[in-house]
Amino acid sequence: MDASTAGPNGIAISLSDVTKRFPGVLANDRVSLTFRHGEIHALLGENGAGKSTLISIIAGMQQPDEGTIAVGGATVRLSSPRDALKLGIGTVYQHVLLIPSLTILENLMLGSPWWRRCDPESVLPRFRELSKLLSVQLDPDALVGRLSLGEQQQVEIMRALWHGERALILDEPTSMLTPDGVKELSAVVRRLRDHGVAVIFITHKLREAYELADHISVLRLGHVVGELPKERLGKMTEKQVIDEVITMMFGRNDLSKGAEAALVGTALDHDGLKPVDRSGSPALALHDVSTTGQFGECALNHVSFDVWPGEIFGVAGVDGNGQKHLAEVLSGQRPVSGGTVMLNQKDVTRMGVPARRAHGVRYITDERLDEGTAGTHSVSVNLVLKETGKPPFWRNGITRWGVIHGHARTQIEAYDVRTPSEHTPIAKLSGGNIQKVLLARELSPDAKLVIFNKPTYGLDIQSTKLARDRIRRGAGADNAVVIVISTELDELMETCHRIAVMDRGELRGIVDNRKGAETEIGLLMTGARVPAHA
Amino acid sequence: MRDVVKDGKAMEAQKAMETLSRVLRILLPVVLALVVGGLILLAFGKDPLTYYGYVLRRGLLSDTGLQASITRMAPLLLIAAGLIVAFRSGLWNLGVDGQFLLAAVFVAALAPILARHLPSTLVFLICFLIAIVVSASWSFIPAYLKARHGINEIISSLMMSFLGVSLANVLIKIPFNDPATTVPQTETLDVADRLARLGDTTVHWGIILAVVAVIAVHYVMEHTALGLRLQLVGSNPRTAKHAGLDLRLLTIIAFAASAGLAGLGGAVDVLGVQGTIRADWNPAYGIMVIPLVFLARYNGYAVIGFVFFFAVLMIGGESAARRLAVPHYFVLVLVALLMLFLAVTEFLEQNLRQRKAG
């Protein structure tokens, strides 16, 4: 199925008065939208605006309570993802849903009926066709687990388009990618548009929407609150578009500069940081630290650096280049195979998590639900996870539930965690709120070393702004060392004094965060070596 | 953020509905299992009402039957306590039968010898200790393999169980054999040296120990730091590691506690009821208790209820086997049906909930 079977006026999918209710929530309220062939349609909105529900309706995951969906001019009932795929509507989700131990071709064959033999020859032509359409070069027999995230996403796009090229839904597709990956994706998406595919693109980042989209729709609290069609969008400048969209998203345009910068992704205001006094000895010193990694992990290779009290130290680099090991070595979760870690002149190399925590080490992991919290346990339990057995929450090993729940209520209030109650299983909370629980658990004025791993990954705009502000203020601690590991350069430029670049487990160099630092960092990322600034 | 706004009344109503559905979730499978079990009996030409009536009379309503049922609960409850520890720690200790039997055999062999020299309280204490040490050490291999190398404990503990049962037989036939008897068995413990009866019933005080153990396990899991740590290891090992818990040590502790309790069950059964163990005796209580622990959703108090229900079925079923010629294995058919319907109701309920959520 391709653009030739388009409905009237090039309309690929049209929703009219689609309403979806959940207990206590009106997720979509009489949403009417039209997605056209050959158009990139950006859907913008805060978390909870109803974007996810809307795309899951189009993808056939959920059925609307009211309203109709027309595909190619005919009203249809999408009762399963299979129905949607058959109509040529494919979805690429934020997280990769491929099987890493299978090859690309095997992954693409997974959807075929069970009685059919797995015959690579029968699917190769379609694979080649799509490779040509996407203009990507992938080895069909490569294991998916060995591909970069960007390549895995290309495979996902192929799978989404496997049964037809009517529409492609991309759910925050850039959140996992490197700057180069984003560029590649943009090129692929434009090619698909030119081929006549209706692309539906969900994002938090206004700038991305402006650069890519032909049509912008903004959702708020389940309503469509505004649209910028192609004709108008073409005549507007970036500034006008951003102003207009912000007004739609928040119903006002008096957002703080910081929030707007976070929205647009251009924050480069690093003047407000407290200066660092480097006359004394460093508070954190890594000397020649190496680790051993399991298959597929990137281990550290002779990493050395010093950080002074009160300094915010960024670690840039493409995901999967040893950042996780670095964070785990610093937090005490992972033993080193060589080298030393000194914290305030004390050798902490052999200390485990509890001992380091007692020395003021705090680690906010990027895997909030899989690692940072125990999903089936309550918010209360998760807030004291790293204190099990310690007073005041435990006395002689006996749990004092009253104290724990009381503590949770105070923290929920202080960190503005939106949860039905402190007894709610934490997995039921949104990403931003889980992050707040982690922050509430980890941050305290007596912290000495705070490690943030991808602190704003998957967060909405307001939460991102809050998180970055908190880092800029030294993570709420007095003169602590703050390590920020992030794949988003903007974020590091906005929050850090110095930025180190990691590549294949090695520290390529350290750059002072000043005007023009991006170029230096970019150079380091591509493999050039610059002597480390001390 | 989806703010869930509800007025108090709706909340109350919802709470009532939840309690109702929780009760239904347990009662419905029980009723369905009895009905379908009845149909099977009918198919074999037995009157289900007579059978159930007989089981009920002999297992619950008669004085001796009730006492026998309660007595039978003691080993079952101790095994259940052990299983709760393991399951809530995310460890599938399926080796309880081997652990139970090995501990029982050691106790059966040593108790008569000890009883000749020591006061009975001391004999019991030493026997309990031996039972715990023997069964806990038998669990060490699967525990260590799991903790150190991540080897699936379902397989390893089950294999160790078969080995344990065989070893128990070897012990009875060779070193622990009582030469005074014709069939290979251990020396019999005098009735006077066994666990004391409660009042003028036939129930021995092992049942009190068992009930206390189940409640204590429930309390430890819910209300202590150790319990929370074990739960964390069970629900999310990566989170446990992140929080700085010693996964290996906790795995070995959980396994040892689980096996130790099962072994205690063996000691209680020998000291309270059996007095001796014949070769090839293996009641395989563990395999029967596992479904009950699932039914109770690892809740200690619910386990006591289910174990009582099952003990009544067992005792009644054993009488019925003699009187009505329905093999006592039919009780296992009922438990299997119970499990099946439990799974079905759970599946339907989840489906319903999902449909409600959209």
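For every chain, the first residue of its written sequence is number 1, and the numbers climb from 1 along that sequence. For this description, chains carry letters from A and ligands carry numbers from 1, given in the order in which they are written. With the structure being a predicted model, the display of local features is reserved for residues of pLDDT at least 70 and the display and counting of side-chain atom pairs for 80 or more, all residues being used for whole-chain, interface and lining totals. Only hydrogens and water are removed before side-chain values are computed, so all heavy atoms of the structure are retained for them.

Draft legend 1. A look at the overall build of chain B. Secondary structure elements are taken from DSSP: a helix is a run of H or I of four residues or more, a strand is a run of E of two residues or more, and numbering for both begins at the N terminus. Looking only at helices and strands, one finds 14 helices and 0 strands in chain B. Order of helices (α) and strands (β) in chain B, N terminus to C terminus: α-α-α-α-α-α-α-α-α-α-α-α-α-α. The principal-axis extents of the C-alpha atoms in chain B amount to approximately 75 × 60 × 35 Å. A buried classification covers 47% of the 358 residues belonging to chain B. Long-range pairs, those at least 24 residues apart, make up 77% of the contacts in chain B with a sequence separation of at least 6. For every residue, the accessible area (1.4 Å probe, protein chains only) is compared with the maximum for its type, and the residue is labelled buried under 20%, exposed over 50%, or partly exposed between those bounds. The contact criterion used is simple: two residues touch if any of their non-hydrogen atoms lie within 4.5 Å.

Draft legend 2. Molecular detail of the confidence of the model for chain B. All names here are of chain B. Each residue gets a pLDDT score, which is the predictor's confidence in that residue and runs from 0 to 100. Of the residues in chain B, 96% reach a pLDDT of 70 or more, and the chain-wide mean stands at 90. Counting interchain partners and residues more than four positions distant, the pLDDT-below-50 stretch residues 1–6 has 11 contacts. Confidence metrics for the complex model read pTM 0.75 and ipTM 0.82.

Draft legend 3. Quick look at a positive patch on the surface. Residue and element names in this part refer to chain B. Like charges are joined within 9 Å and nonpolar side chains (Val, Leu, Ile, Met, Phe, Trp, Tyr) within 5 Å, but only among residues with over 30% relative accessible area and no salt bridge; these make up the patches. Shrake-Rupley sampling with a 1.4 Å probe provides the accessible areas, and residues are treated as covered by the protein chains on show and by no other component. In what follows, salt bridge is the name for a side-chain nitrogen of Lys or Arg lying within 4 Å of a carboxyl oxygen of Asp or Glu. Just so you know, the count uses Lys and Arg for positive and Asp and Glu for negative, and it drops His and the chain ends. By convention, the point assigned to a charge is CZ for Arg, NZ for Lys, CD for Glu and CG for Asp. Where like charges cluster on the molecular surface, the positive patch consists of Arg57, Arg58, Arg322 and Arg323. When contributions to the positive patch are tallied by element, the ones reaching two or more residues are α2 (48–61) and α13 (300–324). Relative to the helices and strands, Arg57 is located in helix α2. Judged by relative accessible area, which is 47%, Arg57 ranks as partly exposed.

Draft legend 4. Structural view of the interface of chain B and chain A. With 23 residues of chain B at the interface, the matching set in chain A holds 36 residues. Counting every contact that joins chain B to chain A gives 2 salt bridges. Side-chain atoms alone can form a polar contact between residues adjacent in sequence; in general such a contact is a pair of N or O atoms within 3.5 Å, and within protein one must be able to donate a hydrogen while the other accepts it. Linking chain B with chain A are 14 residue pairs in polar contact (both at pLDDT 80 or more), by the criterion used here. Elements with a minimum of two residues in the side of chain B that touches chain A: α8 (206–223), α9 (225–235) and α10 (237–242) of chain B. When residues of the side of chain B that touches chain A are assigned to their parent elements, the largest contribution, 6 residues, is made by α9(B). Three classes are used, and their members are as follows: Ala, Val, Leu, Ile, Met, Phe, Trp, Tyr, Cys and Pro are nonpolar, Asp, Glu, Lys and Arg are charged, and the others, Gly among them, are polar. Split into classes, the residues belonging to the side of chain B that touches chain A amount to 8 nonpolar, 9 polar and 6 charged.

Draft legend 5. Representation of the pairing of strand β4 (residues 66–71) of chain A in the model. Residues and elements named next belong to chain A. In this structure, strand β1 (residues 11–22) lies alongside β4, joined through 5 bridges in antiparallel fashion. In the sheet register, Leu15 faces β4, and the bridge partner there is Ile69. Of the strand pairs in this sheet, β4 and strand β5 (residues 74–76) are connected by 3 bridges, and their pairing is antiparallel. Across the sheet, Ile69 pairs through a bridge with Val76, a residue of β5. Hairpin geometry of β4 and β5 is characterised by an intervening segment of 2 residues between the two adjacent antiparallel strands and by a positive phi of about 60° at Gly72. Paired strands are those between which DSSP finds at least two bridges.

Draft legend 6. Seen up close, the sheet that holds strand β10 (residues 223–228) of chain A. Residues and elements named next belong to chain A. Taken together, 6 strands build an open sheet; the order of strands is β6-β7-β8-β3-β9-β10 and the sheet is mixed. Looking at which strands have only one partner, the edges of the open sheet turn out to be β6 (89–92) and β10. Within the sheet, the average angular offset between the axes of one strand and its neighbour, ignoring direction, is 20°. Examined bridge by bridge, strand β3 (residues 39–44) and strand β9 (residues 215–220) share 4 bridges and lie parallel to one another. Note that in β9 the partner of His41 across the bridge is His215. Inter-axis angles, ranging from 0 to 180 degrees, are taken between N-to-C directions of lines fitted to C-alpha atoms, where helices are fitted over the stretch in contact. This element, helix α5 (residues 149–161), spans β6 and β7 (167–171) of the sheet and lies at about 160° to β6.

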